[in-house]
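# A closer look at the structure
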Amino acid sequence: MIKLFKVKEKQKELAENANGKAPVKKQCAGELRLHKDISELNLPKTCSISFPNGKDDLMNFEVTIRPDEGYYLGGTFSFTFQVPSIYPHEAPKVKCKTKVYHPNIDLEGNVCLNILREDWKPVLNINTIIYGLFHLFTQPNCEDPLNHDAAAILRDNPKLFESNVRRAMTGGYVGQTFFPRCM
C-alpha cells in the first residue's frame, strides 16, 4: 500500500511538471506557524524586520532595533533570527550582529533573554521575542548578565555605565575592547 501512495505522488508531480508549473515545496509546521507570526507582527515603530535571503526564506531573518529611550537612545542594533523547523516547540536562535556594551549581550552577540531559554513556551511568538529584545535596551538587567563587567558597573555606578555605553556607541574603547560606531 505504501508503494501505491508513492506512485500516486510521483504521478501528481509529473503532471504538475508537465503543466509547466514548478514543483510545489511543502512547508513544515514551523514555517506555517512562522508565516502566521510574521503576518500578525505588531512592532513598535522603533523596530523593523527584513529578509536578507528573500521572502522565500522565512526561517532566517533580521530585526533592527532603534531604542527611543534609555541608555541606548539613538543606537541601531541588528539581530539575526534562525528559526528551527520544529518551531514553536523550540525557540529561535537569536544573535546580535552589532557589537554592543550591554550586560545581557556578550561580545560574540549571544543574548541573555529568559524567553529564549528556560522560559520558552510554544504559545510565545516572534512578536514577544522582539518586544523582549527591545525591553533589554530600555531596561538592561544586571541580575542575569552575560557581560559580567558591564552588569557590575551598571549595578554599582550607573553614571559610569552610561558613559561607557555612549563611548561604545560612538565608536571607541571600553577597557581593552573596541566597539564600532552604531549611532
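Preceding this paragraph is the structure being described.
Computed from a predicted model, the values in this text were never measured in an experiment.

### A short note on the packing of helix 4 (residues 148-156) against helix 5 (residues 158-169)
Orientation of helix 4 relative to helix 5, taken along the N-to-C sense of each, is 135°, at an axis distance of 5 Å. The orientation of helix 4 with respect to helix 5, classified from their angle, is oblique. The segment helix 4 lies against helix 5, with Ala 150, Ile 153, Leu 154 and Asp 156 engaging Pro 158, Leu 160, Phe 161 and Asn 164.

### Considering the pattern of salt bridges
Any two side chains of opposite charge can pair, on the condition that their charged atoms come close. Using the criterion set out here, one finds seven salt bridges in the structure. Between Glu 62 and Lys 97 there is a salt bridge whose closest N-O contact spans 2.9 Å. Taken together, the residues span a long stretch of sequence, with Glu 62 in strand 2 (residues 60-65) and Lys 97 in the loop between strand 4 (93-96) and helix 3 (126-138) at a distance of 35 residues.

### Quick look at helix 4
When we look at burial in helix 4, the residues that qualify are Ala 150, Ala 151 and Leu 154. Down the axis, helix 4 shows its buried residues gathered within 100° of arc, on one side only. Among the exposed residues of helix 4, those oriented more than 90 degrees off its buried face are His 148, Asp 149 and Asp 156. Its side-chain oxygen 3.3 Å from the backbone nitrogen of Asp 149, Asn 147 forms the N-cap of helix 4.

### Observations regarding the sheet that holds strand 2
Pairing in this open sheet of four strands is antiparallel, and the strands run 1-2-3-4 from one edge to the other. Only two strands of the sheet have a single neighbouring strand rather than two, namely strand 1 (47-50) and strand 4. Averaged over all neighbouring strand pairs, the angle between strand axes comes to 25°, with direction disregarded. Sheet topology places strand 2 next to strand 3 (residues 77-82); six bridges connect them, and they run antiparallel. Its bridge partner lying in strand 3, Asn 60 is registered against Gln 82. Taken strand by strand, helix 3 contacts strand 1, strand 2, strand 3 and strand 4, and its axis lies near 150° from that of strand 3.

### Regarding the nonpolar core
Core analysis: the biggest nonpolar cluster contains 45 residues, and Leu 34, Phe 79, Phe 81, Val 111, Ile 129 and Leu 133 have the highest contact counts within it. Sorting the residues of this core by element identifies helix 2 (29-39), strand 2, strand 3, strand 4, helix 3, helix 4 and helix 5 as the ones contributing at least two each. Per element, the largest residue contribution to this core is seven residues, and it comes from helix 3. Beyond its immediate chain neighbours, meaning those up to four positions away, Ile 129 contacts Phe 81, Pro 92, Val 94, Leu 113, Ile 115, Leu 116 and Trp 120.

### Considerations on the side chain of Asn 164
Position of Asn 164 relative to the elements: it lies in helix 5. Aside from chain neighbours lying at most four places away, what touches Asn 164 is Tyr 101, Ile 153 and Val 174.

### Looking at the environment of Thr 170
Relative to the helices and strands, Thr 170 is located in the loop between helix 5 and strand 5 (172-174). Once residues within four sequence positions are removed from consideration, Thr 170 is found in contact with Arg 181 and Met 183.

### Focus: unusual backbone geometry
In this chain, Tyr 87 is followed by Pro 88 through a cis amide linkage whose omega measures 10°. Looking at the element boundaries, Pro 88 is found in the loop between strand 3 and strand 4.

### Comments concerning the pairing of strand 3
Judged from the four bridges that link them, strand 3 and strand 4 form a sheet pairing that is antiparallel. Bridging across to strand 4, Thr 80 finds its partner in Lys 95.

Thresholds applied
Residues numbered from 1 in each chain as written. Predicted model: local features only at pLDDT ≥ 70, side-chain atom pairs only at ≥ 80, totals over all residues. Heavy atoms only, no water. Axes fitted to C-alpha atoms, helices over the stretch in contact; angles between N-to-C directions. Helix = DSSP H or I, 4+ residues; strand = E, 2+ residues; numbered from the N terminus. Parallel < 35°, antiparallel > 145°, perpendicular 65-115°, else oblique. Contact = heavy atoms within 4.5 Å. Salt bridge = Lys/Arg side-chain N within 4 Å of Asp/Glu carboxyl O. Buried < 20%, exposed > 50% of the residue type's maximum accessible area, 1.4 Å probe, protein only. Arc of directions from axis to C-beta. Polar contact = N/O pair within 3.5 Å; in protein donor to acceptor, adjacent residues only side chain to side chain. Pairing = 2+ DSSP bridges. Core = buried A, V, L, I, M, F, W, Y, C linked by side-chain atoms within 4.5 Å.

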